[in-house]
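Each chain, written out:
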Amino acid sequence: MERKRVAGRFVRQGLDGVSGAQTAESKASAAGGPRPNSCRTFTRAKVAEALPEIVDRFVEEAKKGSIAHAKMLTNLGGLDKGEMPERKKRRGKSAVGKLLESLSRQPEK
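Note that the structure is a prediction, hence the values are computed from the model and not measured. (Residues numbered from 1 in each chain as written. Predicted model: local features only at pLDDT ≥ 70, side-chain atom pairs only at ≥ 80, totals over all residues. Heavy atoms only, no water.)

1. A few points about the overall build of the protein chain
Alright, step 1. Helix and strand content of the protein chain: four helices and two strands.
Alright, step 2. Going from the N terminus to the C terminus, the protein chain shows its helices and strands as β-β-α-α-α-α.
Alright, step 3. Carbon and sulfur atoms make up 55% of the accessible area of the protein chain, which amounts to about 10700 Å² in all. (Helix = DSSP H or I, 4+ residues; strand = E, 2+ residues; numbered from the N terminus. Areas by Shrake-Rupley, 256 points an atom, 1.4 Å probe, with all protein chains shown as cover.)

2. Here we look at the pattern of salt bridges
Alright, step 1. Summed over all chains, the structure comprises two salt bridges.
Alright, step 2. Among the ionic pairs, Glu61 bridges to Lys64, the shortest N-O distance being 3.5 Å. Of the two residues, Glu61 and Lys64 are both situated in helix H2 (residues 39–64); the distance of three residues between them amounts to about one turn of the helix.
Alright, step 3. On the accessibility criterion, Lys64 (66% relative accessible area) is exposed. (Salt bridge = Lys/Arg side-chain N within 4 Å of Asp/Glu carboxyl O. Buried < 20%, exposed > 50% of the residue type's maximum accessible area, 1.4 Å probe, protein only.)

3. So, a nonpolar patch on the surface
Alright, step 1. A grouping of Val47, Leu51, Ile54 and Leu76 is seen on the molecular surface, where their side chains present a nonpolar patch of about 310 Å² in accessible area.
Alright, step 2. At three residues, the largest contribution of residues to the nonpolar patch is made by H2.
Alright, step 3. Mapped onto the elements, Val47 comes out in helix H2.
Alright, step 4. Residue classification places Val47 among the partly exposed positions, given a relative accessible area of 41%. (Patch = residues over 30% accessible without salt bridge, like charges linked within 9 Å, V, L, I, M, F, W, Y side chains within 5 Å.)

4. Remarks on the packing of H2 against helix H3 (residues 67–77)
A pair of packed helices can be characterised by two numbers: the angle between their axes and the separation between those axes.
Alright, step 1. The N-to-C vectors of H2 and H3 enclose an angle of 135°; their axes lie 8 Å apart at closest approach. It follows from the interaxial angle that H2 and H3 lie oblique. As H2 runs across H3, the sense of the crossing is left-handed. Contacts from Val55, Phe58, Val59, Glu61 and Ala62 in H2 reach His69, Ala70, Met72, Leu73 and Leu76 in H3.
Alright, step 2. For the contact of H2 with H3, the residue count by class is eight nonpolar, one polar and one charged. (Axes fitted to C-alpha atoms, helices over the stretch in contact; angles between N-to-C directions. Parallel < 35°, antiparallel > 145°, perpendicular 65-115°, else oblique. Left-handed = near helix turned anticlockwise from the far one by under 90°. Contact = heavy atoms within 4.5 Å. Nonpolar A, V, L, I, M, F, W, Y, C, P; charged D, E, K, R; others polar.)

See the structure below:
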């Protein structure tokens, strides 16, 4: 049995001579959407494409007097820093940092 290459990979051929491999285009069309491990990337890309239109609609609704849309625009644009949560550090203090902090709190004798 002869091995066949499709898109740079060796694929098996069935008994009828048709390879079992699918091209990237046929994989995407057969599945109907992104694979589960790339859903976030797919969603972010789609939102990034539509973001100018989304912001335009939000601005139109805010101009009409919609408080919810205006509030969303201020949050999205970073104008309302009071409501944004502070960034948390991922790690706690090291042993040396804790020791220095405890020494700085103790009164000198």
